[in-house]
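# Topology and contacts: notes
Take a look at the letters that make up each chain.
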Amino acid sequence: MSDRAVLAVEDLTVTIGTRRGPARAVAGVDWSVRAGETLALVGESGSGKSMSVLAATGLAPRSARVTGRVHLLGTELTGLPGEDRRRMRGRHVGFVFQDPMTSLNPVLTVGRQVTEAGEEHLGLTRRAARARAVELLDLVGIPSPAERVDAYPHQFSGGMRQRVVIAMALACEPDLLIADEPTTALDVTTQAQIVELVADLQRRLGTAVVWITHDLGVVAGIADTVAVMYAGRILEQGPVDAVFTNPSHPYTTALLAARPDPDGGGDELVTIQGSPPSPLDLPAGCAFWPRCPVRGAARCEHELPPLVPVAADHHVRTFYPHHTDGGVPT
Amino acid sequence: MARFVLRRLLQSCVVLLGVTLVVFLLLQLVPGDPVRVALGTRFDPQTYEALRARAGLDQPLVAQYFDYLGRALTGDLGVSFRSGRPVTSIVLERLPATLSLAVTAVVFATLIAFPLGILSAIRSGSFVDHAARVFSQFGVSVPDFWMGIMGILLFAGVLGWLPPSGYVALTEDPAGWASHVALPAATVGLVTASILTRFIRSSMLEVLSEDYVRTAEAKGLRTRVVVLRHVLRNALIPVVTVVAVQLASLLGGVIVIEVLFAWPGIGRLTYDSVQARDYPVLQGAILLVAALFLLVNLLVDILYARLDPRITVR
Ligand SMILES: Nc1ncnc2c1ncn2[C@@H]1O[C@H](COP(=O)(O)OP(=O)(O)OP(=O)(O)O)[C@@H](O)[C@H]1O
Ligand SMILES: [Mg+2]
């Protein structure tokens, strides 16, 4: 296992052309993930989590303009012709998307869908690919894989479909697995099984994982590092332990407070007042300022706070890294 | 599958039975006495009564219907009032002309519409897309007879490449048939193609935004594979119905075009027998068209089940 990042993005921005003008979905983010490691991307809906990984791997919509640098296994992807990016992506990155009910093609057998990446990138023959598909379905815990390989997606339950999607993502033994809210559409028991499955596969295969989620419980359970996103920017990032025990941005504090009590006490859910700004009209200053419980000097409104270190590898984007308790700074 | 086909065939027969009843009753409601028309100026009461009796028109309606149905089951659809020839053979004689025109037109239309529709969807907003949209707009808004006339003027008149009208049987002279079918088929086909292009485009666009297409792209498949294997297969499902409806409606005969190009098809036959109040022939023609329609429907259902595994055939 090398120290080199499997995937690293630097100053990534994504601007999407919409009818109402350019929308800044991602406004300059940096993160990286090493082999065997799990990076969690968390943040509210619309904060740019999905768009940042899609843009990094060349899957952004055609209307999007992507800038910044992306290194996959040391190869600079930005500026690479689309064809090469396609090959790199298929060969080295596996994706698991949110909704297994819609992310599988209804008219192709699951076997076909699991094998096609192997045929394309590893040059497997139809027959070898099929054997491999059975193997993969077995690996992700699908019972009687030799028969199920010829079944169609609608013949599987949601949890089983997500296992198929995971098998598909692992088809080329990728160096990186990107899981975009892979458990959101599943029931609680199945969620736990899928999380366990991915964690187990990661241990066995040494894959790097980028895990996008709203579930901070999952982050605490499986991630090594975490990046908290808000309105297209990272507000806080660092090792999970450091960020969870010492949240240094008011937004992180609020997110952690908003987490439902895992012990199931009848506690009311703490929510953050207000909503994030529109990506069509990002403020010049801190995007969280209007909702910030600290709401310090007018500085926050007009000036973008820099990402500053509060500890080793632990960075936070605020002028007031120590005022996380709601006290108004002076 | 065999049971499915058998059941659908039975259903079709029931529908066809309904069609005979409706056609039979409708024609009773049409004003005008066919025998009187057939006799024209040679009218005299004796011949009139004799002809009516021969055609069974003096019997009560119910008896007339069952009599008709019974004979229809044995393939006897009566005789033409006008020519006295058996309706079955009159109608079947027209089938090859209509069939070959309809099939050629649909093949022509799909050859244009598929590439155009697919390209305009995957390159939406591009030049091809705009061109395709202008083409479809043109095709659906310009009347087919006008296009036919322009085609005749250009290809038969100015260029002299094709005969202006007429029909040669495919079995007798394939080259002659081809040169005669080209203009009417292209005329009808252009209209069909423009309807199809639109439909394929929107169906493709809808599928292109599906999650599983992103999944396919995420796998790093070639664009061609994504489009053909993942998008088209799904986009095809609703398109099949439209192609079938188009084909079925062409099988009913394209009256204006058949008249314009002197094409002896079923449309032309329908037109002529309405003019002549030749009810037996009209009934026969409608019955044949209905049967063809049901057949196309059955084929579509089978194709559907093949394309979409979620449809279970029982
Ligand atoms: N195809 C698109 N066209 C225009 N805007 C888009 C498009 N896709 C995403 N966006 C915008 O980009 C921003 C970031 O979206 P993204 O999907 O990355 O959010 P997310 O953090 O993944 O949210 P969620 O938790 O809901 O998945 C959002 O404001 C969204 O409205
Ligand atoms: Mg998302």
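### Remarks on the nonpolar core
Core analysis: the biggest nonpolar cluster contains 71 residues, and L196, I200, M204 and L250 of chain B have the highest contact counts within it. No other element matches helix α10 (residues 223-251) of chain B, which puts 15 residues into this core. Aside from chain neighbours lying at most four places away, what touches M204 of chain B is I118, A121, I122, V227, V231, L232 and A235 of chain B. In this structure, V9, A25, L77 and M229 of chain A belong to the second largest nonpolar core, which totals 38 residues.

### Some thoughts on the interface of chain A and chain B
If you look at the interface, chain A gives 25 residues, while chain B gives 22 residues. Summing both partners gives a buried area of about 2200 Å² for chain A against chain B, and 54% of it is carried by carbon and sulfur. Where chain A meets chain B, there are three salt bridges. The salt bridge involving E116 of chain A is made with K219 of chain B; its shortest N-O contact spans 2.6 Å. For the pair chain A and chain B, the number of links is 15 residue pairs in polar contact (both at pLDDT 80 or more). Contributing elements (two or more residues each) for the side of chain A that touches chain B: α2 (82-92), β6 (93-96) and α3 (110-121) of chain A. Looking at which element gives the most residues to the side of chain A that touches chain B, the answer is α3 of chain A, with six residues. In terms of residue class, the side of chain A that touches chain B is made up of 12 nonpolar, seven polar and six charged.

### Remarks on the pattern of salt bridges
All names here are of chain A. Counted according to the given criterion, the structure contains 26 salt bridges over all chains. Salt-bridge contacts for R132 lead to E135; the nearest nitrogen and oxygen are separated by 3.0 Å. Of the two residues, R132 and E135 are both situated in helix α4 (residues 126-139); the distance of three residues between them amounts to about one turn of the helix. R132 gets classed as buried once you look at its relative accessible area, which sits at 18%. Of the residues examined, E135 reaches a relative accessible area of 49% and is grouped as partly exposed.

### Regarding unusual backbone geometry
Residue and element names in this part refer to chain A. Despite not being glycine, L73 has its phi angle at roughly 50°, a positive value. For S144, which is not a glycine, the phi torsion comes out positive at approximately 35°. Considering the arrangement of structural elements, one finds S144 in the loop between α4 and α5 (145-148).

### Topic: helix α5 (residues 87-122) of chain B
One turn of the α-helix equals 3.6 residues, which is why residues spaced by three or four share an orientation. Across its 36 residues, α5 of chain B extends 51 Å between first and last C-alpha, which sits within 8% of the 52 Å expected from 1.5 Å per residue. Considering bend angle alone, the principal kink of α5 of chain B is centred on L95 of chain B and spans about 30°; proline P96 of chain B follows within four residues of it.

### Some details on the layout of surface pockets
By volume, the largest pocket is sized at about 1100 Å³. Every residue lining the largest pocket is counted, 35 residues in all, and those nearest its centre are L59, A60, P61 and R62 of chain A together with E217 of chain B. Only α1 (49-56), β4 (64-72) and α2 of chain A together with α5, α8 (174-208), α9 (211-218) and α10 of chain B provide two or more residues apiece to the lining of the largest pocket. It is α2 of chain A that contributes the most residues to the lining of the largest pocket, five residues altogether. Considered class by class, the residues forming the lining of the largest pocket number 19 nonpolar, six polar and 10 charged.

Criteria and thresholds
Residues numbered from 1 in each chain as written. Chains lettered and ligands numbered in written order. Predicted model: local features only at pLDDT ≥ 70, side-chain atom pairs only at ≥ 80, totals over all residues. Heavy atoms only, no water. Core = buried A, V, L, I, M, F, W, Y, C linked by side-chain atoms within 4.5 Å. Buried < 20%, exposed > 50% of the residue type's maximum accessible area, 1.4 Å probe, protein only. Helix = DSSP H or I, 4+ residues; strand = E, 2+ residues; numbered from the N terminus. Contact = heavy atoms within 4.5 Å. Buried area = accessible area lost by both parts, 1.4 Å probe. Salt bridge = Lys/Arg side-chain N within 4 Å of Asp/Glu carboxyl O. Polar contact = N/O pair within 3.5 Å; in protein donor to acceptor, adjacent residues only side chain to side chain. Nonpolar A, V, L, I, M, F, W, Y, C, P; charged D, E, K, R; others polar. Expected span 1.5 Å × (residues − 1). Bend = angle between axes of the 7 residues up to and from the residue. 1 Å grid on protein atoms, 1.4 Å probe; cavity = no way out; pocket = protein on both sides within 12 Å on 5 of 7 lines; lining within 4 Å. Points joined across faces, edges and corners; volume = space filled by probe spheres on them.

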